[in-house]
Amino acid sequence: MFIPDFRPSRAVIAAVRPSIDCGRYFIKRTQGETVDLYAAVFADGHDVVQAEVLYRHESETEWRIARLVHTVNDDWFGQFVVEKQRFYEYKVRAWVDYALNWQQGLIKKVQDGQHVEVELHDGLPLLKDVLKLIQEVNDQDNYKQLTLILDAIENGHYLNSLSLATSTALKEILTQYPTRKNSVESQTFKIWVDRPKAGFSSWYEFFPRSASPTKGRHGTFKDCEALLPRIADLGFDVLYFPPIHPIGEINRKGKNNAVTSKPGEPGSPWAIGSRFGGHDAIHPELGTLEDYKNLIAKAKEFGIEIAMDLAFQCAPDHPYVKEHPDWFVIKSDGSIQYAENPPKKYQDIYPFNFECDDWQGLWQELLRVVLYWIDQGVTIFRVDNPHTKPFRFWEWLIGQVHRDHPDIIFLSEAFTRPKIMHELAKLGFTQSYTYFCWRNSKAELTEYLTELTTTEQREFFRPNFWPNTPDINPWNLQSGNESLRMVRLFLAATLSSNYGIYGPVYEYGIHEPYPGKEEYLNSEKYEIYHWDWSKETRLTVLIRLINQIRKSYTAFQTTYNLQFCPVNDDQLLAYYKGNPDKGEHFLMVVNLDPFNTRQGMVRPPFEKIGLSPGTPLLMKDFITGNTWTWYSEYNYVALNPNVPFHLFKITRA
């Protein structure tokens, strides 16, 4: 018969949250964020239990401690703040608190009218253990207080010792100095802490080859430098380019994804590699490596980081095809398998075979590529189609990168099934594209945002909302309706703390679709465009205003403070975002109907603001500049398609 050779604790710890897949993956935070911790803690019988969370940064040897508080039933809650980048670890510790249990027993017996002189003396060993802890930290005040209680009990002053032993003052001492005898600990969990940009960023995408001020000339990095003031003026802090590498010449695609290209057509930037080099080279018409590094440095002067597109795939004339043909799938006829997603065909792209015999060599080379660009100054990677590469490859690569470069941000571009998107986020991707493009109705938006912000997803999946991309011209924007375009921009920028647009297509209202598809006709993916970058539209005005508000108020710098508010119209969406610590309270009301004025009664979240329902509120609309005073619990709003939203800053009237 097996009997443990140690004394098991009577305390039980269960259901520690947050934890992802029983601790298989780490949760995520950014510097300065709080971890809200929940656990079920209990013991057999009716004894008093206590619990705490132990946490520390990976560079620390000593644990920090934050006590948990009992909430309801056997549920406990605690908080701690993560301050530094890289990994933290945390665990829960619990114990039967014999000293507090003794005091509680005294109180119950006294309330029952019992004489407890023996019970008072039973507590002396427990109190003396606590006194030793107090002596160790030289807490003179509590030492004197506890010594006084011990003396009263030992000297037989029954009424005085009873009063002291059942006092709130003693309870506070016992709570502050637990002996933790026979404690038990949960498993240890991890947190990855990113820099603040991981949680709050505003992205702008354009094709650098379309940056030239001269029609008919290929854009360069120097042309992009000239556009930095515009990007900064609009309020964006991440500038993302499609791949900047040499573009394949074999099987190059033509206009509108034509299978063959005409002379002079530039091809798709995602068909990477040619006689000019591969993933560690730059397309010669864009400029040199020094030009690219100068652009990165110049962008930083404007508070902008340049994001690189990381597309692990090759054109047929990529150097890898000759040097490492075994890294690709060879068909029975000797040809290399090009990429397919039936009915789509990508004759200009060869996918890697991650199950090849030299898979380790392939992994090492792709890591080398990432580290090479980091050495050139790249700090953000937008990763193309990560769901078509093995999960364990990404977990290894991101882990290797973050070991020496914790600042690096990886955005996952995976529009696929939810569990696959979640797995990529769990294994290390910093941010993730989402289904925002296809969530349009009030019910869809409410359900999706509730899922993102209130379920376990909030611990590992950081959404980045994009109303459009070069690959996605959503059905809802293909009409060209300006009101709807403004609404989608507003929703993306105020619902999510990370968002982006593909421009200047978006702000210039380009919307004509390829017939029957969610794609752009005459897509810039296959052509060089010439833009009037000085052009102002209602969208540029709105973008500038919204980004200014986002940067000015911390309430918009997290996704997870969202609360939807009641409003009695199925085309009006109302939601609150706030930071009570800074006195920031905002109410957004949006008309989702792009053709008609909608009106309804909306209820502000008085409880979030800390006011009684119906307290008069001063409502300043940052969109129009108008101010109203609301005197009721429910208040009238009306929005027309011309100005389809309110962004109210709420203060007490």
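In this text, all values refer to a predicted model and were calculated from it rather than measured experimentally.

(A) Examining the overall build of the protein more closely. Scanning the protein for helices and strands turns up 16 helices and 30 strands. Expressed along its principal axes, the backbone C-alpha trace of the protein runs to roughly 105 × 65 × 45 Å. Within the span of the protein, comprising 653 residues, buried residues form 54% of the whole. At a minimum sequence separation of 6, the contacts of the protein that also span at least 24 residues come to 75%. Summing over all exposed atoms, the protein offers an accessible surface of approximately 28,500 Å²; the carbon and sulfur share of this is 51%. Averaged over its 70 positive side-chain charges, the protein has a centre that lies 3 Å from the centre of its 82 negative ones.

(B) Representation of the pattern of salt bridges in the model. Under the definition given, this model contains 44 salt bridges. Put simply, Glu-119 and Lys-109 hold a salt bridge, and the shortest N to O gap is 3.1 Å. Taken together, the residues Glu-119 in helix α2 (residues 117-122) and Lys-109 in helix α1 (residues 98-111) connect sequence positions 10 residues apart. A salt bridge links Glu-395 to Arg-392; the shortest N-O distance between them is 2.8 Å. One end of the pair, Glu-395, and the other, Arg-392, are both in helix α11 (residues 391-404), three residues apart, so they sit about a helical turn from each other.

(C) Representation of the pairing of strand β8 (residues 86-96). Counting buried residues in β8 gives eight out of 11 residues, a clear majority hidden from the surface. Relative to β8, strand β4 (residues 49-57) is paired through nine bridges, and the arrangement is antiparallel. Residue pairing across strands places Gln-50 opposite Trp-95, the latter belonging to β8. For β8 and strand β10 (residues 189-194), the ladder comprises five bridges, and the chain directions are antiparallel. Within β10, the position partnered with Tyr-88 by the bridge is Ile-191.

(D) Representation of the UniProt feature "active site" (unreviewed entry) in the protein in the model. This chain's UniProt record puts "active site" (unreviewed entry) on Asp-384 and Glu-413. In sequence the annotated residues extend across 30 residues, while in space they remain close, none of their C-alpha pairs exceeding 5.4 Å. As for its placement among the helices and strands, Asp-384 is situated in strand β18 (residues 380-384). The residues touching Asp-384, leaving out its near neighbours within four places in the chain, are Trp-270, Asp-309, Leu-310, Ala-311, Gln-313, Lys-389 and Glu-413. With respect to the helices, strands and loops of the structure, Glu-413 is situated in strand β19 (residues 409-413). In contact with Glu-413, other than residues within four places in its own chain, are Arg-382, Val-383, Asp-384, Asn-385, Pro-386, His-387, Tyr-433 and Asp-471. Polar contacts involving the side chain of Glu-413 include one to the side chain of Arg-382, which spans 3.4 Å.

(E) Structural view of the pairing of strand β22 (residues 498-502). The buried fraction of β22 amounts to five of the five residues, a majority that puts the element mostly inside the structure. Going residue by residue along β22, you find Asn-498, Gly-500 and Tyr-502 tucked away on one face and Tyr-499 and Ile-501 tucked away on the opposite face as well. Note: strand β11 (residues 201-205) against β22, five bridges, orientation parallel. Bridge assignment links Ser-201 to a residue of β22, and that residue is Asn-498.

(F) Representation of the side chain of Thr-220 in the model. Structurally, the position occupied by Thr-220 is in the loop between β11 and α7 (221-234). The exposure class of Thr-220 is buried, given its relative accessible area of 18%. Not counting residues within four places of it along the chain, the set of residues in contact with Thr-220 comprises Pro-208, Glu-285 and Leu-286.

(G) The arrangement of the packing of aromatic side chains in detail. Scanning the entire structure with this criterion turns up 51 aromatic pairs. Measuring from ring centre to ring centre gives 5.9 Å for Phe-312 and Trp-394, while their planes differ by 10°; the resulting arrangement is stacked. Here the residue Phe-312 occupies a position in the loop between β13 (305-310) and β14 (313-314), and Trp-394 occupies one in helix α11, the gap between them amounting to 82 residues. Their ring planes at 70° and their centres at 5.3 Å tell us that Trp-630 and Phe-648 sit as a pair that is edge-to-face. Of this pair, Trp-630 sits in strand β28 (residues 627-630) while Phe-648 sits in strand β30 (residues 645-652), and the two are 18 residues apart along the sequence. The pair formed by Trp-630 and Phe-648 is uniform in burial state, with each residue classed as buried. In this structure, Lys-190 packs its charged tip against the face of Phe-87, placed 4.9 Å from the ring centre.

(H) Molecular detail of the sheet that holds strand β3 (residues 34-43). Strand order in this open sheet of four strands is β1-β3-β7-β6, and the pairing throughout is antiparallel. Since the sheet does not close on itself, it has two edges, and those belong to β1 (11-17) and β6 (69-70), each with one partner. Here β3 pairs with strand β7 (residues 75-81) via seven bridges, running antiparallel. Residue Leu-37 lies in a different strand from β7, and its bridge partner there is Gly-78.

(I) Main features of unusual backbone geometry. Residue Pro-18 is reached from Arg-17 by a cis peptide bond, and omega for that bond is 5°. One can find Pro-18 in the loop between β1 and β2 (27-30). Backbone torsion omega between Gly-503 and Pro-504 reads -5°, so that peptide bond is classified as cis. Turning to its location among the elements, Pro-504 is positioned in the loop between β22 and α15 (538-552). Positioned with a positive phi, Asn-138 is a non-glycine residue whose angle comes to about 60°. Even without glycine at this site, Asn-257 takes up a positive phi of about 65°.

The rules behind these values
- Residues numbered from 1 in each chain as written.
- Predicted model: local features only at pLDDT ≥ 70, side-chain atom pairs only at ≥ 80, totals over all residues.
- Heavy atoms only, no water.
- Helix = DSSP H or I, 4+ residues; strand = E, 2+ residues; numbered from the N terminus.
- Buried < 20%, exposed > 50% of the residue type's maximum accessible area, 1.4 Å probe, protein only.
- Contact = heavy atoms within 4.5 Å.
- Areas by Shrake-Rupley, 256 points an atom, 1.4 Å probe, with all protein chains shown as cover.
- Lys, Arg positive; Asp, Glu negative; His and termini not counted.
- Charge placed at Lys NZ, Arg CZ, Asp CG, Glu CD.
- Salt bridge = Lys/Arg side-chain N within 4 Å of Asp/Glu carboxyl O.
- Pairing = 2+ DSSP bridges.
- UniProt positions renumbered as here; feature names shortened; annotations may be inferred.
- Polar contact = N/O pair within 3.5 Å; in protein donor to acceptor, adjacent residues only side chain to side chain.
- Phe/Tyr/Trp six-rings, centres within 6.5 Å; stacked < 30°, edge-to-face > 60°.
- Lys NZ or Arg CZ within 6 Å of the ring centre and 35° of its normal.

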